[in-house]
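# Structural overview
Chain by chain, the residues:
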Amino acid sequence: MHAFDVLGDPVRRRILELLASGEHASGEVVAVIANEFGISQPAVSMQLKVLRDSGFASVRPEGTRRIYALDAGPLAQVDAWLGQFRIFWEQRLDALETELRRGKRSAER
């Protein structure tokens, strides 16, 4: 599955947001996602499997629990692809910074 196909799903994006804050047991992920999206445990497990299979998440056993962690490798590929478009944002952000500095200097006078 292509990285953008993985990221195109709001449930998977939300799971990645959770994992970005640190490791989580599968039960914790299920509780949050089930509450926010109203989907079942098997449906959340399916999304976790997609994230594992596509390389976005890793899992390790800890007793009877399964601990999930974010794997940033595929996100680096997405970032690299987006890099070709950054020049458009950077020019606008640089212009905004210039205008903000001008405004600050005017306010200080």
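Residues numbered from 1 in each chain as written. Predicted model: local features only at pLDDT ≥ 70, side-chain atom pairs only at ≥ 80, totals over all residues. Heavy atoms only, no water.

## A short note on the overall build of the protein
Helices and strands together make up the secondary structure of the protein, namely six helices and three strands. Reading the secondary structure of the protein in the N-to-C direction produces α-α-β-α-α-β-β-α-α. In terms of C-alpha radius of gyration, the protein reaches 20 Å, well past the compact-globule figure of 13 Å for 109 residues. With respect to the principal axes defined by its C-alpha atoms, the protein has extents near 65 × 30 × 25 Å. Out of the 109 residues in the protein, the part that is buried amounts to 25%. Contacts in the protein between residues far apart in sequence, at least 24 positions, make up 47% of those at least 6 positions apart. Averaging the coordinates of the 15 positive side-chain charges in the protein and doing the same for the 15 negative ones gives two points 3 Å apart. (Helix = DSSP H or I, 4+ residues; strand = E, 2+ residues; numbered from the N terminus. Rg over C-alpha atoms; globule rule 2.2 N^0.38 Å. Buried < 20%, exposed > 50% of the residue type's maximum accessible area, 1.4 Å probe, protein only. Contact = heavy atoms within 4.5 Å. Lys, Arg positive; Asp, Glu negative; His and termini not counted. Charge placed at Lys NZ, Arg CZ, Asp CG, Glu CD.)

## Description of the nonpolar core
Core analysis: the largest hydrophobic core is formed by 18 residues, its most contacted members being Ile 15, Val 29, Ile 33, Val 44, Leu 48, Leu 51 and Phe 56. Elements represented by at least two residues in this core include exactly helix H1 (3-7), helix H2 (10-20), helix H3 (26-37) and helix H4 (41-53). For this core, the leading source of residues is H2, giving five residues. When residues no more than four places from it in sequence are discounted, the contact partners of Leu 48 are Ile 15, Ser 26, Val 29 and Tyr 68. (Core = buried A, V, L, I, M, F, W, Y, C linked by side-chain atoms within 4.5 Å.)

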